[in-house]
Amino acid sequence: MVHSINERRVISVIVMNESSVLTRITALFAARGYNIESLTVAPIPNSEMSHITIATNGSAKLMEQITKQLHKLIPVYKVIEHEEMVEKEMVLAKFPIAENLADISVLSAAYNGGVVNVGKEMIIVMVADEPKRIKHFIEAAQRYNPCEIVRGGVVAIER
Amino acid sequence: MGQMSGAQMVCEAIIAEGVKTVFGYPGGAIMHVYDEIYKQNGFEHILNRHEQAAVHAADGYARATGEVGVAMVTSGPGFTNAVTGLATAYMDSIPLIVISGQVPLSLIGTDGFQEIDAVGISRPCTKHNFLVRSIEELPRVLKEAFYIARSGRPGPVLVDIPKDITVDIGEFIYPDSVNIPSYKPTYKGNKRQIEKAVEAIKKSKKPLLYIGGGAVLSGAYALIRELAKKTQIPVVETLMARGVMGADNPLLLGMLGMHGNYASNMAMSETDLVISLGARFDDRVTGKLSEFAKYADIIHVDIDAANIGKLVDVDYPIVGDVTEVLEAMLPQLDDVDTDRYEAWRNILKRYDELHPQSYVDSDEVIKPQWAIERVGELVGEDAIITSDVGQHQMWAAQHYPFDRPRQWINSGGLGTMGFGFPAALGAKRAFPDKTVINVTGDGSILMNMQELVTAAEYKIPVINLILNNHFLGMVRQWQTFFYEKRYSETDLSFQPNWKALAEACGGIGYDVTTKAEFDAALKDAIAQDKVCFMNVAVNRFEDVLPMVPAGGALFNMMLPQTTKGDA
Ligand SMILES: Cc1ncc(C[n+]2csc(CCOP(=O)(O)OP(=O)(O)O)c2C)c(N)n1
Ligand SMILES: [Mg+2]
């Protein structure tokens, strides 16, 4: 199938905690030609399940297929295609200590973050915001010659 | 049941599940299990001569009986040989358990001798798979494997067991139920959707029942016949559904798709309501999607929600088991007006008269279609017919008078050459009193011919009817039509001595070139209790017709010469 209308979508997949469940999911995406823009996974507190958040893109029809195919996997408990959700992504960024630290601190505060570590040569900030705003943060951060930026991937929760 | 080794647990689970025959091939990593097989007498083990054949045999057993088939292989090459078998079963949703040995837990990930990532390789061609990690979880895993294989949309399940776990001792309590919170197949169709579908049937003028392999798996044939009878709605079957309606049923138009008959394909092209029961709109069935059932609303009943809306847009989606959905639907159709569809039935009848399924017979050479029809006349409903893949498969599907489901066993989804002979062994083992005939080709049969030895050793007298065209005929047909007759690597003029080959392995051979010889050989083969090769020389350049070229619209068929005019 040719997947045309590319709209960004976020789905949450609730899975049983067992080895290779993540492989089953990523292999399914690869085998059927679905796209993964970002993927995060973590155990759900006090349960035997994990929450996987996948950001992908495609038409509504494709999303329906992805949801159904995911559901077919034996350890997949629930698939939620989000309509109304809160979406956040966390980012860590490292800057040379010689940069304007006040500016960097203000910048990260503007994106729900702040300085998390200061070393002899480097300063590390953390921000957490909506994926769109994260893009802006990364653009803005370029001015201060970041040595490294690590994105955490999207997590989402139904409103 | 107390303390026992992992190997014993495997045997106990197989016995508890009621499996009578296991097919397999031993090797280092599975030897402890084989040692326990030696000691028990709850089931028999058949030593096929190749792991692929063992899996196909278990698959044939499953298709013939509707029960779960079991095959057992060792790690590494034993497992990789089994992969084609798994994929074949997967594509046709056949309930199957493959138990594979694995290197000991401590060696996993070290490139140990005969180590291969079996769960990794089999992930895309199994319904589910397990790498067993401890003796404690083994009983539960075995129970879940059987449950997953046979429930919902059935499919093959691999259980990969590291060698040390087969030696470990643990407590064996075979669970009598399964609880997998994340796996709850839907059997009952949505009530409201079913009501809407019934309304649509009552309103339509040109409805068509489209029956797929799911109807066989669901055991729904009696209900489908009842539905057709009650409503007088015409029926088309897919390759996988042959036998559901029964060849004599006046409402059966035939098989649709690439090699479907004229009336069936036209019916699908002109219907205003497709009632799909356990079919999945495979590309070999639909042809060009944009032209497929263009004027129709679609009711799609399928136990696998992912099949619904995957290829065509569906107006009445019903997720559920065909049997349960029909049980709910049938009483609501008591007042259906069967006259409503009469004009439609007449149109289709005329189509069938215009271009019936036909071929030009000959007195000089045996036509493959004649051979199939002749088998039908001589053994008919008594036989189980398996097949390999190619022209012979299509002729069997078109011309054999199947009159019950599970009488026709073939690899539809994957199209695996080499499937037919071992599948026939499985079917024959399950039904020793039935004549089992593998309709095969001179190409396909060689892909598992070592099974002659298995069949001879265990006295499993199946008949391999080789429709010998000295070609990889189906590929040759495409070369004729689409590659300007450049017969690249399809000429099988160099042939073995079939009779001698069969005899060398403990079977019998027949070389047949005339119709008289054909009858004599078939009758003799049925009377003998030995496996045989019945090598039938057929017309070399015979084509399978009608044919819808790949990607073409269903109504654009190449038709046989006997019929007049153009479609
Ligand atoms: C394992 C495998 N390899 C290749 C093919 C491709 N293929 C499909 S039909 C066919 C020819 C089969 O020849 P034969 O068994 O003689 O049957 P015929 O078409 O001549 O009746 C081939 C090569 C296949 N389906 N399966
Ligand atoms: Mg051939």
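Residues numbered from 1 in each chain as written. Chains lettered and ligands numbered in written order. Predicted model: local features only at pLDDT ≥ 70, side-chain atom pairs only at ≥ 80, totals over all residues. Heavy atoms only, no water.

Some remarks on the side chain of K68(A)
Selection rule: Secondary structure is summarised from DSSP: a helix means a run of H or I of at least four residues, a strand means a run of E of at least two, and numbering begins at the N terminus for each. A 1.4 Å probe rolled over the protein chains alone gives each residue an accessible area, and that area as a share of the maximum for its type sets the label: buried under 20%, exposed over 50%, partly exposed in between. Here a polar contact means two N or O atoms within 3.5 Å. Within protein one must be a hydrogen donor candidate and the other an acceptor candidate, and residues neighboring in sequence count only if both atoms are side-chain atoms. A contact between two residues is defined here by any heavy atoms of the two lying within 4.5 Å.
As for its position among the elements, K68(A) is in helix α2 (residues 60-72). Its relative accessible area of 18% is what places K68(A) among the buried residues. At 2.9 Å, the side chain of K68(A) forms a polar contact with the side chain of E64(A). In contact with K68(A), not counting residues within four places along its chain, are A305(B), A306(B) and I308(B).

Examining the interface of chain A and chain B
Applicable threshold: In this description, buried area is defined as the sum, over both parts, of the accessible area (probe of 1.4 Å) that is lost when the two are combined. Each salt bridge in this description consists of a side-chain nitrogen of Lys or Arg and a carboxyl oxygen of Asp or Glu lying within 4 Å of one another.
Contacts between the two partners involve 18 residues from chain A, matched on the other side by 20 residues from chain B. Across the chain A/chain B interface, buried area totals approximately 1,500 Å², and carbon plus sulfur atoms make up 53% of it. Linking chain A with chain B are two salt bridges. Where D313(B) meets K61(A), a salt bridge forms, and the shortest distance between an N and an O atom there is 3.0 Å. Here chain A is connected to chain B by eight residue pairs in polar contact (both at pLDDT 80 or more).

Looking at helix α6 (residues 138-150) of chain B
All names here are of chain B. To keep things clear, this is the line we draw: The span expected for a helix works out to 1.5 Å for each residue beyond the first.
Here α6 is 13 residues long and its end C-alpha atoms lie 19 Å apart, about the 18 Å a rise of 1.5 Å per residue gives. Of all 13 residues making up α6, ten are buried, and the element is well covered by its neighbours. Listed as buried for α6 are L138, P139, V141, L142, K143, E144, A145, F146, I148 and A149. Following α6 by one or two positions, G152 adopts a phi angle in the positive range, close to 55 degrees.

Things to note about the domain arrangement of chain A
All names here are of chain A. Cut-off, in case you're wondering: Where each domain begins and ends is defined by an automated method or by a domain database.
Looking at the assigned domains, one finds that chain A contains domain 1 (7-83) and domain 2 (86-158). Distance between the C-alpha centres of domain 1 and domain 2: 27 Å. Contact residues are listed per partner, giving eleven residues for domain 1 and nine residues for domain 2. Each partner contributes to the roughly 640 Å² buried at the junction of domain 1 and domain 2, and carbon and sulfur atoms together form 52% of this total. Counting the surface domain 1 buries against domain 2, the share from its top three residues, R8, T40 and H82, is 50%. At the junction of domain 1 with domain 2, the criterion picks out one salt bridge. Across the pair E87 and R8 runs a salt bridge whose closest N-O atoms are separated by 2.8 Å. For the pair domain 1 and domain 2, the interface holds four residue pairs in polar contact (both at pLDDT 80 or more). For the side of domain 1 that touches domain 2, the secondary-structure elements that each account for two or more residues are β1 (7-16), β2 (38-43) and β3 (49-58).

Remarks on the site of ligand 1
Residues and elements named next belong to chain B. To keep things clear, this is the line we draw: Proximity criterion: a residue is near a molecule or strand once any of its heavy atoms comes within 4 Å of it. Only the protein chains shown count as cover for residues, and the accessible areas themselves come from Shrake-Rupley with a 1.4 Å probe. Classification used: nonpolar for Ala, Val, Leu, Ile, Met, Phe, Trp, Tyr, Cys and Pro, charged for Asp, Glu, Lys and Arg, polar for all others including Gly.
In the vicinity of ligand 1 there are 17 residues, among which Q391, H392, G443, S444 and G473 approach most closely. The contact in question runs from an oxygen atom of ligand 1 to an N or O atom on the backbone of G443, over 2.8 Å. Between ligand 1 and N469, the relevant distance is 2.9 Å, taken from an oxygen atom to a side-chain nitrogen or oxygen of the residue. Considered on its own, ligand 1 offers 590 Å² of accessible surface; in the complex 76% of this is hidden by protein. Listed by contribution, the elements that provide at least two residues to the shell around ligand 1 are α16 (391-399) and α19 (473-482). In terms of residues, the shell around ligand 1 owes the most to one element, α19, which gives three residues. Split into classes, the residues belonging to the shell around ligand 1 amount to seven nonpolar, nine polar and one charged.

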